[in-house]
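Structure assessment
Take a look at the letters that make up each chain.
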Amino acid sequence: MGFRLPAIRRTSFTGSQASSKVVNVPKGYLAVYVGDKMKRFVIPKSYLNQASFQNLLSQAEEEFGYDHPMGGLTIPCTEGVFLHIRSDILYKVMI
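Our subject in this report is the structure included herewith. Keep in mind the model is a prediction, meaning the values are calculated, not measured. (Residues numbered from 1 in each chain as written. Predicted model: local features only at pLDDT ≥ 70, side-chain atom pairs only at ≥ 80, totals over all residues. Heavy atoms only, no water.)

Turning our eyes to something else, we now look at the overall build of the chain. A tally of helices and strands in the chain yields two helices and three strands. Each helix and strand of the chain, placed in order from N terminus to C terminus, yields the pattern β-β-α-β-α. When the 95 residues of the chain are sorted by exposure, 28% land in the buried category. Here the contacts in the chain between residues at least 6 apart in sequence split such that 47% fall between residues at least 24 apart. (Helix = DSSP H or I, 4+ residues; strand = E, 2+ residues; numbered from the N terminus. Buried < 20%, exposed > 50% of the residue type's maximum accessible area, 1.4 Å probe, protein only. Contact = heavy atoms within 4.5 Å.)

The next thing to look at is the packing of aromatic side chains. If you walk through the whole model with that rule in mind, you get three aromatic pairs. Judged by centre distance (6.3 Å) and plane angle (65 degrees), the rings of Tyr47 and Phe53 are edge-to-face. In this pair, the class of Tyr47 matches that of Phe53, namely buried. An angle of 70 degrees between the planes, with centres 6.5 Å apart, marks the rings of Phe53 and Phe82 as edge-to-face. A residue pair is termed long-range when its members are at least 10 positions apart, and Phe53 in helix H1 (residues 51-64) and Phe82 in helix H2 (residues 79-94) qualify at 29 residues. (Phe/Tyr/Trp six-rings, centres within 6.5 Å; stacked < 30°, edge-to-face > 60°.)

What follows covers the sheet that holds strand S3 (residues 73-75). The mixed open sheet is built from three strands, whose spatial order is S2-S1-S3. Both edges of this open sheet fall to strand S2 (39-44) and S3, since each of them pairs with a single strand only. Ignoring which end each strand starts from, the neighbouring axes of this sheet average 35 degrees apart. Pairing analysis gives three bridges linking strand S1 (residues 29-34) to S3, with the strands arranged parallel. Of the residues in S3, the one forming a bridge with Val32 is Leu73. Here H1 sits on the sheet in contact with S1, S2 and S3, set at roughly 100 degrees to S3. Packing against the sheet, H2 makes contact with S1 and S2, and its axis sits at approximately 15 degrees to S2. (Pairing = 2+ DSSP bridges. Axes fitted to C-alpha atoms, helices over the stretch in contact; angles between N-to-C directions.)

Pasting the structure below:
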């Protein structure tokens with residue numbers, strides 16, 4: 001599919017010096033932004049292997065290319081659709 005993840009800066013926060021532009025994402029996870037209000041979700045990188053998430057990645061590539069101004073991956077769907085797909089992935093992992 002040829003999809004590359006945007007670079008995600010990692011840092012440790014020290015008190016009130018934390019910048020709102022810095023994205024703190026634990027190792028093994030990535031930040032995605034979803035919906036009209038660009039709600040931030042931090043998801044496991046293992047989601048990238050799921051077919052339903054691959055479909056979202058294809059849509060993101062078609063709509064945004066590789067320009068994701070939020071600093072994380074922008075997913076072009078509603079929060080409801082994203083939450084449904086996330087639930088399906090969690091369910092598949094559990095069984």
